[in-house]
Amino acid sequence: MEKMDECCSTQLIDGDGTFNVSGLDNFSKAVKLGECGLSYAVVSIMGPQSSGKSTLLNHLFRTNFREMDAFRGRQGIWLAKCADIEPCTLVMDLEGTDGRERGEDDTAFEKQSALFALAVSDIVLINMWCHDIGREQAANKPLLKTVFQVVMMRLFSPRKTTLLFVIRDKTRTPLENLEPVLREDIQKIWDNVPKPQAHKETPLSEFFNVEVTALSSYEEKEEQFKEQVAALRQRFQHSIAPGGLAGDRQGVVPASGFSFSAQQIWKIIKENKDLDLPAHKVMVATVRCEEIANEKFACLAENEEWCELEEAVQSGPVSGFGKKLSSILDSCLSEYDVEAIYFDEGVRNAKRQHLEAKLLQLVQPAYQSMLGHLRSRTVDNFKDAFDKALKGGEGFAVAAHDCTQSFMSIFDEGCADAAIKQANWDTSKVRDKLRRDIEAHVSSVRAAKLSEITAEYEGKLNKALSEPVEALLDAASSETWPAIRNLLRRETKTAVSGFSSALSGFDIDEKTLDEMLAGLENYARSVVETKAREEAGRVLIRMKDRFATLFSRDSDSMPRVWTGKEDIRAITKTARSASLKLLSVMAVIRLDDDADNIENTLSVALVDGTNSNANKSITSFDPLASSTWEEVPATKTLITPVQCKSLWRQFKTETEYSVSQAIAAQEANKRNNNWLPPPWAIAALVILGFNEFMTLLRNPLYLGVIFVGFLLVKALWVQLDISGEFRNGALPGLLSLSTKFLPTVMNLLKKLAEEGQKPTAPGPQRNSALESNIGNNTQVHSDSASSNITTSENGVEHSSSLRQRHVEMN
């Protein structure tokens with residue numbers, strides 16, 4: 001590659017048809033071609049070899065193309081920038097069309113050069129000699145045929161190009177005379193060029209603007225030549241303006257795409273492919289707009305402001321997010337528009353849309369994060385505001401509605417603030433998710449509040465019913481279940497009224513409200529039923545307690561003393577009847593007003609029929625031999641007939657001991673009251689003991705010995721608790737006394753020995769001390785023995801009588 005510093009010229013295509021890519025890129029940078037947009041023009045020149053093309057260009061555009069003589073080799077295509085012409089004008093000097101160096105392939109390169117020139121040039125100079133005009137075999141005719149054939153045979157539809165015929169070495173013949181002849185020759189050539197069917201009648205003016213100018217001989221009339229060239233030069237100033245020399249500019253490639261466009265055109269020409277310039281223009285626009293779009297996308301991806309915004313939105317919502325991001329995207333798209341404005345509009349817009357889609361795809365995750373933060377923050381703020389409203393006493397339904405509307409509006413405002421004007425993204429899904437989250441929280445709180453209120457009133461019912469029902473069942477009378485029913489109705493009515501008022505703020509539909517009130521009523525009923533079942537499980541204990549209370553206490557609730565005058569049978573029957581009454585009350589649940597015959601059935605089967613059981617036949621009907629009560633459903637049964645019979649049998653067994661103890665106490669009391677022996681025994685004692693009695697009268701010392709012996713025996717009696725030992729039987733009593741007799745005697749002797757060692761005192765005092773000591777010991781052992789006596793009524797009474805007698809004796 002050779003380069004001329006004065007005009008920045010470079011060889012674009014060498015003689016072998018090789019395109020100088022690097023040279024063109026360097027040239028474009030040197031002349032700042034990329035900054036020109038559409039404000040540039042391309043001029044090329046064709047003509048025979050050594051026809052003065054380079055000389056004309058150097059004078060006309062002040063370039064410095066190397067002028068070639070007839071003996072130099074082929075030169076290809078050169079490119080240079082015209083000096084001091086606005087707008088920027090590029091000029092191409094094509095190799096001569098009749099060079100002998102190429103031999104037989106000269107027409108191929110000639111056509112390729114002509115095709116290339118027509119594809120990239122706005123103005124094509126046809127350099128021709130004046131003496132060739134009107135000649136049949138003029139050297140320019142093959143050139144024109146080549147140009148026209150290129151247009152027609154290649155179906156080449158370029159933009160309308162200006163063909164400026166420059167007549168060199170003009171003679172004295174005026175231009176007005178030369179131009180018609182030249183135009184006639186051009187028309188003939190056009191008419192004779194084979195055309196496709198679609199262009200058979202297409203005029204030459206459809207493809208070309210034909211202009212003609214003439215120049216004097218440079219060698220013979222140099223000054224005149226220069227004046228004419230200077231005048232022609234003025235026609236290239238502002239050549240692209242409307243009415244200018246450049247002609248149609250609709251298909252022009254922007255300056256930044258000229259290098260790529262020229263490369264692709266020459267590549268396709270060399271590959272001998274058919275061309276369609278509009279398609280080529282689209283291709284160039286596609287490539288360049290794609291490159292620009294990729295550059296802008298990469299710039300935005302690395303944009304500092306965008307990176308900071310993307311990082312900030314990861315941690316939380318960003319105020320003014322949509323405005324900031326829209327500004328960044330606007331700036332990026334505006335830069336694209338500035339650089340791609342001169343390319344094909346359809347391609348430019350398509351690539352812009354593609355770039356916009358890629359940019360939106362890049363920023364969409366950040367936008368979704370922003371919406372996610374807005375939704376989360378709105379939900380959290382809603383929960384706080386909703387809880388605060390409820391604590392402030394606001395009605396649940398009103399608080400839920402107002403808070404929901406308020407925070408949905410806040411979310412909508414946040415979405416509007418986050419909206420990107422370049423995108424029309426739908427936020428309905430996120431909004432629906434927010435509404436579902438809010439509704440779920442409201443439902444959760446609503447369920448918790450309703451559960452809390454329900455539990456509160458259930459607790460009140462439980463407290464109001466459990467203990468009173470238990471007390472009523474414990475009393476077990478004919479009025480027990482009517483009293484329970486009245487209690488249940490009263491407390492249920494009160495609870496339902498309060499519960500209904502508490503639910504009024506929840507905006508509950510009538511059906512649901514009725515169901516909840518019915519549920520509370522059922523709960524109250526279940527409390528009573530549960531308590532009744534619990535008490536039914538303890539019915540045997542209750543029966544025994546009632547029997548013990550009525551049997552062991554009189555009408556004044558004082559403990560009975562079985563003196564022998566009481567009618568134990570009547571008392572037992574009364575106590576058992578009361579226990580049976582309790583059993584009949586506890587047998588079934590009577591929360592409805594349905595009547596039953598359970599009490600009579602139990603009385604006949606268990607009390608009235610007891611005496612006649614022996615007379616019954618084995619095959620007779622037993623009313624309690626069943627697992628259900630007549631006319632009573634199983635759900636209301638607490639104790640089945642069979643269970644009642646079994647409980648009664650167990651009850652009688654466990655209470656018979658108390659009855660037998662009472663009977664034994666009566667008999668013991670009777671024996672204790674008859675302390676004198678029978679009369680016959682008294683008579684026998686008087687008759688048989690007369691001699692002994694007289695002996696005692698004759699010797700009073702025996703009386704003292706007998707008295708002392710009596711005291712010792714009495715002390716032993718009390719300390720050994722002989723009557724208590726024999727209470728459980730003769731044999732156990734003897735065995736117990738045999739183990740306690742000797743230690744008790746030794747203890748008494750020890751006490752007497754201790755008394756004997758004390759200082760001598762007057763006789764009466766010593767005897768009193770001995771008696772006192774014996775009495776004290778007797779009292780101590782008596783209390784000790786009485787603590788081991790059983791708690792039965794008979795035993796307690798016997799122990800008390802012993803202590804009373806001992807006190808009287810002392």
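- If you check an unreviewed UniProt entry, the chain appears there as Protein ROOT HAIR DEFECTIVE 3 homolog from Macleaya cordata.
- The record in UniProt for the chain states the following under Subcellular location (unreviewed entry): "Endoplasmic reticulum membrane".

## Observations regarding the nonpolar core
Phase 1: Grouped together as the largest cluster of nonpolar side chains are 168 residues, with contacts concentrated most on Tyr40, Phe116, Phe148, Phe165, Phe321 and Phe386.
Phase 2: Among the elements that make up this core, the one with the highest residue count is helix H11 (residues 345-391) (15 residues).
Phase 3: Looking at which domains feed residues into this core, each of domain 1 (9-275) and domain 2 (276-425) gives three or more.
Phase 4: Beyond its immediate sequence surroundings of up to four residues, Phe321 is in contact with Leu309, Val313, Ala366, Tyr367, Met370, Asp417 and Ala418.

## Some remarks on the UniProt feature "transmembrane region" (unreviewed entry) in the chain
Phase 1: Per the UniProt record, "transmembrane region" (unreviewed entry) is annotated on residues 701-718.
Phase 2: The annotated region residues 701-718 carries 100% helix and 0% strand content, and the separation between its end C-alpha atoms amounts to 26 Å.

## Description of a negative patch on the surface
Phase 1: On the surface, Glu304, Glu305, Glu308, Glu310 and Glu311 cluster together into a patch of negative charge.
Phase 2: Its location among the elements puts Glu310 in helix H9 (residues 304-315).

## Digging into the packing of aromatic side chains
Think of a pair of aromatic rings as described by two things: how far the centres are apart, and how the planes are tilted against each other in angle.
Phase 1: Considering all chains together, one arrives at 15 aromatic pairs under this definition.
Phase 2: With 5.5 Å between their ring centres and 10 degrees between their planes, Phe382 and Phe386 make a pair best called stacked. Note that Phe382 and Phe386 are positioned in helix H11 at a spacing of four residues, about one turn of the helix. As far as the burial class goes, Phe382 and Phe386 line up, both buried.
Phase 3: Ring plane angle 25 degrees and centroid distance 4.8 Å describe the contact between Phe396 and Phe506, whose orientation is recorded as stacked. Within this pair, whereas Phe396 is found in helix H12 (residues 396-418), its partner Phe506 is found in the loop between helix H14 (480-503) and helix H15 (510-537), the two being separated by 110 residues in sequence.

## Considering the pattern of salt bridges
Phase 1: A full pass over the atoms with the stated rule returns 29 salt bridges.
Phase 2: Notably, a salt bridge pairs Lys296 with Glu339, separated by 2.7 Å at the nearest N-O pair. Of this pair, Lys296 sits in helix H8 (residues 277-301) while Glu339 sits in helix H10 (residues 321-340), and the two are 43 residues apart along the sequence.
Phase 3: Among the salt bridges present, the one from Lys581 reaches Glu599, with a minimum N-O distance of 2.7 Å. Here Lys581, found in helix H17 (residues 568-587), pairs with Glu599, found in helix H18 (residues 598-608); they are 18 residues apart in sequence, far enough to count as distant.
Phase 4: Among the residues examined, Lys581 registers a relative accessible area of 14% and is labelled buried.
Phase 5: The structure contains a network of salt bridges with shared partners spanning Glu470, Asp474, Lys531, Glu534, Glu535, Arg538 and Arg542.

## Quick notes on the pairing of strand E8 (residues 208-214)
Phase 1: Burial analysis of E8 places five of its seven residues in the buried class, the great majority of the element.
Phase 2: For strand E7 (residues 161-168) and E8, the ladder comprises seven bridges, and the chain directions are parallel. Across the sheet, Ile167 pairs through a bridge with Ala214, a residue of E8.

## Focus: the environment of Thr655
Phase 1: If you trace the backbone, Thr655 turns up in helix H19 (residues 641-673).
Phase 2: Along the backbone, Thr655 and Arg576 are 79 residues apart, and their C-alpha atoms lie at a distance of 9.3 Å.
Phase 3: Beyond its immediate stretch of four places on either side in the chain, Thr655 contacts Lys544, Phe547 and Arg576.

## Remarks on a nonpolar patch on the surface
Phase 1: On the surface, a nonpolar cluster with roughly 430 Å² of combined accessible area is contributed by Ile682, Val686, Ile687 and Leu688.
Phase 2: If you trace the backbone, Ile687 turns up in helix H20 (residues 679-688).
Phase 3: Its relative accessible area of 65% is what places Ile687 among the exposed residues.

Here is what the cut-offs are and how they apply
What you see as residue numbers is a count from 1 along each chain, following the sequence as written. pLDDT decides what is reported in this predicted model: residues at 70 or higher carry local features, side-chain atom pairs at 80 or more are listed and counted, and totals for whole chains, interfaces and linings draw on all residues regardless. The side-chain figures draw on all heavy atoms in the structure; neither hydrogens nor water molecules are used. UniProt positions are given in the numbering used here, feature names are shortened, and annotations may be inferred rather than shown by experiment. Nonpolar core, defined: a set of buried Ala, Val, Leu, Ile, Met, Phe, Trp, Tyr and Cys residues in which side-chain atoms within 4.5 Å join the residues together. Under the scheme applied here, a residue whose accessible area is under 20% of the maximum for its type counts as buried, over 50% as exposed, and between as partly exposed, the area being computed with a 1.4 Å probe on protein chains only. For the purposes of this entry, the term helix denotes a DSSP run of H or I that reaches at least four residues, the term strand denotes a run of E that reaches at least two, and both are numbered from the N terminus. Just so you know, the domain bounds were taken from an automatic or database domain assignment. By definition, residues are in contact when any of their heavy atoms lie within 4.5 Å. Put simply, a patch holds well-exposed residues, over 30% relative accessible area, that have no salt bridge, with like charges counted together within 9 Å and Val, Leu, Ile, Met, Phe, Trp or Tyr side chains within 5 Å. Only the protein chains shown count as covering a residue, and every accessible area follows the Shrake-Rupley method with a 1.4 Å probe. By salt bridge we mean one thing: a side-chain nitrogen of Lys or Arg within 4 Å of a carboxyl oxygen of Asp or Glu. Only four residue types enter the tally: Lys and Arg on the positive side, Asp and Glu on the negative side, with His and both chain ends excluded. In this description, the location of a charge corresponds to atom NZ of lysine, CZ of arginine, CG of aspartate or CD of glutamate. Between 30 and 60 degrees the pair is tilted, below 30 it is stacked and above 60 it is edge-to-face, where a pair is any two Phe, Tyr or Trp rings, Trp via its six-membered ring, whose centres lie within 6.5 Å. One bridge is not enough; two strands pair if DSSP finds at least two bridges between them.

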